[in-house]
Amino acid sequence: MQVVKANWPELENSTGNQVTAFTTTRLFGVSKGPFQSLNTGLHVNDDPQAVLSNRRSLLAYCGLQDAQWLDQVHGTLCIKSARDHQVVSADACWTNETELACIIMTADCLPVAFRERDRIAVAHAGWRGLLSGVLQNTLQNFNAQETDIWLGPAIGPNAFEVGAEVREQFLDKNQQYCTAFIAGDRSGKWLANIYQLARLTLIMKGVNPARIYSGNYCTFTDEKQFYSYRRQALTGRMATVIYRTAGADS
């Protein structure tokens, strides 16, 4: 399986547990057609059996049996993950347990992973979720100053065109968000930097800028590796996964 690993420093916490975080690519699954091939979304009209096979392959890659999957609604709810295999309507999940994966799905929206001692989380952050507070709600389960953040693959700043009303809503929240927008080529349109929007939001809530990590990815332009809803509405979803495994002495 080909994945994009979090580029934060690898470290072990005081209990000897190891945190792993990554985003899947679209490669090495069994889905066909526009969903080719590692689609993890059951809600996109792909063959459900293919999606379930891809999900099993993902958990096997992690060496896990338990994961929290979400029915994402572009909202702000962050739930505590459970092992009951129930799918919950939410856009973020966290846990302080080992061997339990927190998972969200994206195809242009920004996946955000959180790590602090024995706590981990992942959030689905499109512009609506960012504006409404999904990252703030997730951070409530952490000490912001001691939390590491990874911003996974999302639509890039040169491809994410939004209307003026989106920019105005962010600026109404805080004028600092103006640095995340540049005027687009089309009248009344702006190019939004979703990575910068998330970074500013996290810093405003007390996250140390030096503890925010991200890569130079664009799901819209990299068709080989990533699904993109803006590029092709009928498409699959990548999964962003974070989990802790118990150390030998724990």
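Within any chain, residue numbers begin from 1 and follow the written order of that chain's sequence. At least 70 in pLDDT is required for a residue's local features to be given in this predicted model, at least 80 for side-chain atom pairs to be given and counted, and no such filter applies to totals for whole chains, interfaces and linings, which use all residues. Side-chain figures throughout are based on the complete set of non-hydrogen atoms in the structure, without hydrogens or water.

Caption draft 1: The arrangement of the sheet that holds strand β1 (residues 3-5) in detail. One bridge is not enough; two strands pair if DSSP finds at least two bridges between them. To qualify as a helix, a DSSP run of H or I must reach at least 4 residues; to qualify as a strand, a run of E must reach at least 2; elements of each kind are numbered from the N terminus. In space, the 5 strands of this open sheet follow the order β1-β2-β16-β8-β3, with mixed pairing throughout. Edge strands, defined here as strands with exactly one partner in the open sheet, are β1 and β3 (66-68). The average undirected angle you get between the axes of adjacent strands in this sheet is 30°. Strand direction decides the pairing type here: strand β8 (residues 100-106) and strand β16 (residues 238-245), joined by 5 bridges, are antiparallel. By the bridge assignment for β16, Ile103 is matched with Val241. Angles shown run from 0 to 180 degrees and are taken between the N-to-C directions of axes, each axis being a line fitted to C-alpha atoms and, for helices, limited to the stretch in contact.

Caption draft 2: Highlighting the layout of surface pockets. The method works on a 1 Å grid over the protein atoms by themselves. A cavity is a set of points holding a 1.4 Å probe that cannot get out, a pocket is an open set with protein on both sides within 12 Å along at least five of seven lines, and residues with an atom within 4 Å of a point line them. Grid points are joined across faces, edges and corners, and a volume is the space filled by probe spheres set on the points. Considering only enclosed or pocket space, the largest pocket measures out at about 630 Å³ in volume. His74, Cys109, His124, Tyr229 and Arg237 are, among the 24 residues lining the largest pocket, the residues nearest its centre. Going through the elements one at a time, β4 (70-71), β8 and α2 (127-132) are the ones with two or more residues in the lining of the largest pocket. Any residue that is not Ala, Val, Leu, Ile, Met, Phe, Trp, Tyr, Cys, Pro, Asp, Glu, Lys or Arg is counted as polar, Gly included; the first ten are nonpolar and the last four charged. Its residues assigned to classes, the lining of the largest pocket shows 12 nonpolar, 6 polar and 6 charged.

Caption draft 3: A look at the state of the cysteines. Disulfides are defined as cysteine sulfur pairs within 2.5 Å. Taken as a whole and assessed by the stated rule, the structure comprises 0 disulfides. Not part of a disulfide, Cys102 finds its nearest cysteine sulfur in Cys93, a span of 4.1 Å. Look at Cys102 and you get buried, because its relative accessible area is 0%. Residue burial is assigned from relative accessible area. The probe radius is 1.4 Å, only protein chains are included, and a residue is buried under 20% of its type maximum, exposed over 50%, and partly exposed in between.

Caption draft 4: Quick look at the sheet that holds strand β13 (residues 181-183). In spatial order, the strands read β12-β14-β13; together these 3 strands make up an open sheet with antiparallel pairing. Either end of the sheet is taken by a strand with one partner, and the two such strands are β12 (161-163) and β13. Neighbour-to-neighbour, the strand axes of this sheet turn through a mean angle of 45°, independent of strand direction. With 3 bridges connecting them, β12 and strand β14 (residues 189-192) associate as antiparallel partners. Its bridge partner lying in β14, Val162 is registered against Trp190.

Caption draft 5: Spatial organisation of the pairing of β8. For β8, a buried count of 7 out of 7 residues is recorded, marking the element as mostly surrounded by other parts of the structure. Judged from the 3 bridges that link them, β3 and β8 form a sheet pairing that is parallel. Of the residues in β8, the one forming a bridge with Gln68 is Cys102.

Caption draft 6: Representation of unusual backbone geometry. Cis rather than trans, the peptide bond between Gln36 and Ser37 has omega equal to 0°. Residue position: Ser37 is located in the loop between β2 (18-24) and α1 (48-62). At His74, a position not held by glycine, the phi torsion is positive, near 60°. Here His74 shows up in the loop between β4 and β5 (78-80). Its relative accessible area of 38% is what places His74 among the partly exposed residues. You will see that His85, though not glycine, has its phi angle at about 65°, which is positive. Mapping His85 onto the fold places it in the loop between β5 and β6 (88-89). In this structure His85 comes out as exposed when scored by relative accessible area, which is 52%.

Caption draft 7: Spotlight on the pairing of strand β9 (residues 110-116). By the criterion of burial, β9 is predominantly enclosed, with 7 of the 7 residues buried. Side chains Leu110, Val112, Phe114 and Glu116 of β9 all project onto a buried face; the interleaved residues Pro111, Ala113 and Arg115 project onto the opposite face, where all are buried too. Two strands pair when backbone bridges link them, and β9 and strand β10 (residues 119-125) are joined in this way by 7 bridges, in the antiparallel orientation. From the neighbouring strand, Ala113 faces β10, where its bridge partner is Val122.

Caption draft 8: Representation of the nonpolar core within the structure. The criterion is simple. A nonpolar core is a set of buried Ala, Val, Leu, Ile, Met, Phe, Trp, Tyr and Cys residues joined through side-chain atoms within 4.5 Å. The biggest cluster of nonpolar side chains holds 40 residues, and the ones touching the most others in it are Leu110, Phe114, Leu135, Leu151, Phe170 and Leu202. Put simply, the parts of the chain that give this core at least two residues each are β7 (92-95), β9, β10, α2, α3 (134-139), β11 (148-151), α4 (164-173) and α5 (194-204). Sort the elements by how many residues they give to this core and α5 lands first, with 6 residues. It only takes one pair of heavy atoms within 4.5 Å for two residues to be counted as in contact. For Leu110, the residues in contact, after removing those within four places along its chain, are Ala123, His124, Ala125, Gly126, Leu151, Gly152, Ala154, Ile194, Tyr195 and Ala198.

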